[in-house]
Every structure is written in C-alpha cells, then in structure tokens.
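Close look at the chain arrangement
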Amino acid sequence: MTEIYDLIILGAGPAGISAAIYAVRAGLNTLWLDKTFAAGGQIVNTYEVDNYPGMPGMSGMELAEAMAAHAEKLGIAPVRENVRSVEADGDTGVKIVRTKKNEYRAKTVILALGAAHRTLDVPGESELAGMGVSYCATCDGAFFKDRTCVVVGGGNVAVEDAVFLARICKKVYVVHRRDRLRADGILQERLFACENVEMIWDSVVLAIEGTEQVTAVQVRNVKSGETQTLEADGVFIAVGIVPNTKLLEGFVRLDENGYVIAGEEGITSAPGVFAAGDIRTKALRQVVTAVSDGANAVASVQKYLSR
Ligand code: NAP
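Everything in this summary refers to the structure shown in the same document. (Residues numbered from 1 in each chain as written. Predicted model: local features only at pLDDT ≥ 70, side-chain atom pairs only at ≥ 80, totals over all residues. Heavy atoms only, no water.)

A word on the packing of helix α1 (residues 14-25) against helix α6 (residues 287-305)
Let me state the cut-off plainly: Note on method: axes are straight lines fitted to C-alpha atoms, helices fitted across the in-contact stretch only, with angles between N-to-C directions ranging 0 to 180 degrees. Secondary structure elements follow DSSP: runs of H or I of four or more residues count as helices, runs of E of two or more count as strands, with numbering from the N terminus. Crossings are classed by handedness, with left-handed meaning an anticlockwise turn of the near helix from the far one by less than a right angle and right-handed meaning a clockwise turn. A contact between two residues is defined here by any heavy atoms of the two lying within 4.5 Å. Under the scheme applied, nonpolar residues are Ala, Val, Leu, Ile, Met, Phe, Trp, Tyr, Cys and Pro; charged residues are Asp, Glu, Lys and Arg; polar residues are all the others, including Gly.
With their axes 7 Å apart at the nearest point, α1 and α6 run at an angle of 35° to one another. α6 is crossed by α1, and the crossing has right-handed handedness. Between α1 and α6, the contacting residues are P14, A15, S18, A19, Y22 and A23 on the first element and V287, A290, V291, G294, A295 and V298 on the second. By residue class, the composition of the contact of α1 with α6 is 10 nonpolar, 2 polar and no charged.

Considering unusual backbone geometry
The backbone phi angle of D121 is positive, close to 60°, even though this residue is not glycine. You can see D121 is positioned in the loop between β7 (115-117) and β8 (133-134).

Some words on helix α2 (residues 60-73)
Worth spelling out the cut-off: Helix span, expected: 1.5 Å multiplied by one less than the number of residues in the helix. Only protein chains enter the accessibility calculation, which uses a 1.4 Å probe; a residue is then buried when its area is under 20% of its type maximum, exposed when over 50%, and partly exposed in between. The arc under discussion is defined with respect to the helix axis, by the directions toward the C-beta atoms.
For α2, with 14 residues, the first-to-last C-alpha span of 20 Å sits near the 20 Å given by 1.5 Å per residue. Restricting attention to buried positions, one finds in α2 the residues G60, L63, A64, M67 and A71. In an axial view of α2, the angular spread of the buried residues amounts to 100°, which keeps them on one side of the axis. Exposed side chains of α2 directed beyond 90 degrees from the buried face belong to E72 and K73. Packed against the buried residues of α2 are α1, β2 (30-34) and α6. Just beyond α2, the residue with positive phi is G75, at close to 100°.

Digging into helix α5 (residues 185-192)
When α5 is considered as a whole, its buried residues turn out to be L187, Q188 and L191. In an axial view of α5, the angular spread of the buried residues amounts to 100°, which keeps them on one side of the axis. The exposed set on the far side of α5, more than 90 degrees from its buried face, consists of I186 and E189. Buried residues belonging to α5 abut α4 (156-166), β10 (171-175) and β11 (197-200).

Some points on the state of the cysteines
Heads up, the condition is: The criterion for a disulfide is a pair of cysteine sulfur atoms lying within 2.5 Å.
Evaluation of the coordinates by the stated rule reveals 1 disulfide. Across a sulfur-sulfur distance of 2.0 Å, C136 and C139 are joined as a disulfide pair. The sign of the 70° torsion about the S-S bond sets the C136-C139 disulfide as right-handed. Residue classification places C139 among the partly exposed positions, given a relative accessible area of 42%. A disulfide-free cysteine, C149 has its sulfur positioned 3.8 Å from the sulfur of C169, the nearest such atom.

Here is the structure:
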C-alpha cells in the first residue's frame, strides 16, 4: 500500500528548512522535497546576510549550510526531486504530490517553494544570458574584475549587488526606473559611499547589446525621453522576484501577483495545505520572516492533524 506521510514539505529555502526542523521535532512522518542540490533557496546567492539575528556578516551560503546541517543533525534532509503537480484526492482529501519520478501522498503539505528572479524582457536579455547577463552578482561578479557593469533595480538585492560589484569592478552603473531607491537606508548609505558607482536615475533598459558578449546597455530616461548607451561588459538584473506558484494555479487561491493567499498561520484556501516563506502574501520577505513562517506552518499542520 502507498505510504501516506503526515506531511510533505515542498522547498528547502529558509522556510522549508525551518519547517523540516519543526516537523522532525514534532515527530511528524515527513517527506521533504527540493529540486536543487544545495538547500538554502535564494540566500545561497546572497553575498552577505547582515540582518539575521546572531549571525552578523555571515554569507548567504554559510547561513544556508548551517541551517541545512541543523536539519540533517535532527535526521531530516531534502530529497532531490522536482515537483510537477500538487492536488487533493476528491474523496479522501489526501494530498498527491507528483514529481518526474514518483507520486507521493500525505495528509498535509507545506508549500515553501519560494520565488525566482523577475526578468526585464528586453531585447538581448535572454540571448546574452550567461554571456554577460546575470541574475546573481555573488555567483558571476568575479568574472567582471576591473570591468564595467550595469546593475538594474532599486531594491535591496540591486543595491547589495552594486556594492558587491563596486569592490571588484572598475565602474558600476545602477539603472533605476525612479529617482529614489526602495532599498533599506543602511544599504543606500553603503552604495552612495562607493566612488566608482554612478546612478542612472529615472531610467529603464531598452535593450542589451552584444553578439557573443555584452558590450553595452541602452537606457531611456522616462522623464526626458532621452536615450543613452552605457558601455558595459556585464548586466546584473535585480528587479524583484516572482513566486514559484505556476504549478499551484487552480489548487490554492493566489493573489493578483501570483502569491499564495495565506496569513501568519500559513492557512491556504485548500484544507491541509499551508504556505510558508516568500511564496505567501506578506509584508516583509526576509530570512527572518521565512523561518518563522516555517515554524508557524508546522504548528498549523499539527492543529490540522489533531482536529
Ligand atoms: P524588490 O524589493 O521588489 O525590488 C525590486 C526593484 O526592481 C524595485 O526597485 C523596483 O522598482 C524594480 N523593478 C521592478 N520591476 C522592474 C522592471 N520591470 N523594470 C525596472 N525595474 C523594476 O526586490 P528585491 O530587491 O529582489 O528583493 C526581494 C525581496 O527580498 C524583498 O522583499 C527584499 O526586501 C528582500 N531582501 C532583503 C534583503 C535584506 O534585508 N538585506 C536582502 C535581499 C532581499 P520600484 O522601486 O520602482 O518598484
């Protein structure tokens, strides 16, 4: 007979890791799935996580490894499988999770699939991906030592990327569509202290140029309408995130931006299905809120199972 788990956790970012730790400590028969080799989700691409209490200045990779090691020490590790679909059996309510290789069943599911980077959808972006166009400064920044790079965006990620690149590159342009950054004040101060960073305010990217490698970025000032060409060897795009919820359409209710509608307890529109981390509707998407989501979701699972 097919095993029915108490809980299947989808995703091994901070929310999923935290859920796994709480689930194993609660004695739940848990299966944990993630598509990647390294647990940690988006933080593995973060140079420095400076606001997680007790871990000042730790790199995202180090924090992810420490969290995953904690789970492993308690006896749980993610199984590397890419989830294709999630549904509930109409008669029993049992959740069915399908991957490429397997079909799993559980009484409850925690959706901690996180989010992925948004694209600009301009000419040259997909054609030059990996040839100067990148979405991860900490992964690819070292290739641009003493070169010129453009960072696009005005949030925490864009500003952190620009500060990181300013240490490596000769020159960094930051192209932002408004005249004010969205990033936290402390990050803005660090950015404005970098002498080799030039802000290109009120501007959007029209195209990324190059044949085998990025050579320039065409931008347009949205107020004056003027265009200019920034000669550059690399473009780091950091214009926000989109939730990984494509496969959940029709299964749980999503908001207009695709996030799973769920409050602090992670309760979604589908009974026995809970959401944790960047995937859910919330005001602040940070590691610290993701890990608390994981804990809350497991508390909700326990309540659901004992009803
Ligand atoms: P974000 O905060 O949503 O910022 C995205 C930036 O890209 C905004 O400045 C936005 O402009 C701009 N943008 C969006 N779409 C665009 C488009 N099509 N063309 C041009 N510009 C566009 O995203 P993020 O920086 O990736 O951060 C994601 C989440 O992780 C956030 O919740 C963030 O706070 C969190 N995070 C936190 C930390 C930290 O606390 N240290 C570090 C990293 C990430 P507007 O400002 O005009 O909207």
